[in-house]
Amino acid sequence: MALSNPKDFSSSPSMVSVQELVKGPTITIPQQYVRLDQEPLSLSFTAPSPPIPTIDMARLVSGDDDNDLELEKLHSTCKDWGIFQLVNHGVSCSLLDKLKHEVEEFYRLPLEEKMKYKIRAGELEGYGCRIREGGKQDWVDSLNIITNPVHRRKPHLFPELPSSLRNTLESYLSELQKIAAKLLGSMAKALGIDVKEMMEFSDDGMQAVRLAYYPPCPKPELVMGLFPHSDITLMNILHQVNGVDGLQIKKDGLWFPLNIKPDAFVVNVGDILQIFSNGVYHSIEHKVSTNAEKERISITFSINPKNGADVGPAPSLINPDNPPLFRKVGVEQYFKDYFSRKPSGKVYLDHMRIQNGQDNSA
């Protein structure tokens, strides 16, 4: 049923459109968006925030001496940072420009058109905004869709997107699947794991895409674009569609903003990869700030293990001198437990740790 006015959208607290809220001549920030518990940025007047490491994809797969150097850089970055910029990734500027146009067009659609993809009761996929702990919400509208395996695609979501957006997304996701496979293969080599072991863990695993729209906010210090968390996935690849920064990371206990190079992707280690590497690699806690004047649009591509896999340390890494630091659980149970807890930060990763040699998961 088509909506007659934006108020129909806000009948449920989880379905308020932030994009609609900012269209009026005056903007009052609803209480469910006000977050006064934010940790401040750790900025110094004498030293800039640390630059996020950059990995060159062309060098990483070159097969010459540059390959070894870039592989070592990737390894140290995943250990020390858990996040990096990926340049020379091979995705054409024309495809990225097309993607930008199509996503912007989607968010220009009338509200009733976007509502065709709304999050349905009891589900996580679709268009809208989820409720956080305490009834709080992020200052963002997003479209979340599982894209792989193909049979997991809900008939009313990806197949029903405007054809131009759907076709462009298909091309983009195909390119990112190739990039993800190359990165995971390189990480396996760096960890001393057989590449086959990594590929069997992730091959044809669950993949998802998130199209996020962060409207300008007149008082950005009062809201969060995205709450502080580490990703529970294997790995994420983010593209800042319109080049507006907003991503912040927590490193060494301090929060820092990131300045991303134009057309670079942001790749971050997920909790599952930290577990799979038995703590060698580290996922990073991050959040998104809002901008007082500019909208921010991003696309996040998430990679996860295949259905039926166990989330746990790679068997080839475990030996008497390197006991498992994390317990093992089926991937389906892993996600079920996470969403039943509504954790923040890295609380769920800590839940997966083996404490003092004991599995205290009960």
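Everything quoted here is computed from the prediction, not taken from an experiment.

Undergrad: Teacher, can you tell me more about the overall build of the protein chain here?
TA: Scanning the protein chain from terminus to terminus reveals 10 helices and 14 strands. Against the 2.2 N^0.38 benchmark of 21 Å for 362 residues, the protein chain shows a C-alpha radius of gyration of 20 Å, consistent with a compact globule. Here the C-alpha coordinates of the protein chain stretch approximately 65 × 55 × 50 Å along the principal axes. Taking all 362 residues of the protein chain together, the buried fraction comes to 52%. In the protein chain, 78% of the contacts between residues at least 6 apart in sequence involve partners at least 24 apart. Working note: accessible area of the protein chain is about 16,800 Å², and carbon and sulfur atoms make up 51% of it.

Undergrad: Even after reading the chapter, I still don't get the UniProt feature "domain: Fe2OG dioxygenase" (unreviewed entry) in the protein chain, so can you show me in this structure?
TA: Mapped onto the present numbering, the UniProt feature "domain: Fe2OG dioxygenase" (unreviewed entry) falls on residues 202-305. In this annotation, residues 202-305 is assigned 7% helix and 41% strand; the end-to-end C-alpha distance for the span is 4 Å.

Undergrad: Mind showing me how you'd approach the sheet that holds strand 12 (residues 296-303) here?
TA: Sheet strands associate in pairs through backbone hydrogen bonding, adopting either a parallel or an antiparallel arrangement. With mixed pairing, the 8 strands of this open sheet are ordered in space as 1-2-10-7-12-5-4-3. In the strand order of this sheet, the two ends are held by strand 1 (54-56) and strand 3 (126-128), each with one partner. Each adjacent strand pair in this sheet contributes to an overall mean axis angle of 20°, direction not counted. Here 8 bridges tie strand 5 (residues 207-214) to strand 12, and the two strands are oriented antiparallel to one another.

Undergrad: Just to check I follow, could you spell out the sheet that holds strand 8 (residues 247-251) for this structure?
TA: The strand order across the open sheet formed by 4 strands is 6-11-8-9, and the pairing between neighbours is antiparallel. Both edges of this open sheet fall to strand 6 (226-229) and strand 9 (254-257), since each of them pairs with a single strand only. Looking at each pair of strands side by side, their axes are set apart by 20° on average, direction ignored. The pairing of strand 8 with strand 9 spans 4 bridges and is classified as antiparallel. Note on strand 9: the bridge partner recorded for Ile249 is Phe256.

Parameters at a glance
Residues numbered from 1 in each chain as written. Predicted model: local features only at pLDDT ≥ 70, side-chain atom pairs only at ≥ 80, totals over all residues. Heavy atoms only, no water. Helix = DSSP H or I, 4+ residues; strand = E, 2+ residues; numbered from the N terminus. Rg over C-alpha atoms; globule rule 2.2 N^0.38 Å. Buried < 20%, exposed > 50% of the residue type's maximum accessible area, 1.4 Å probe, protein only. Contact = heavy atoms within 4.5 Å. Areas by Shrake-Rupley, 256 points an atom, 1.4 Å probe, with all protein chains shown as cover. UniProt positions renumbered as here; feature names shortened; annotations may be inferred. Pairing = 2+ DSSP bridges. Axes fitted to C-alpha atoms, helices over the stretch in contact; angles between N-to-C directions.

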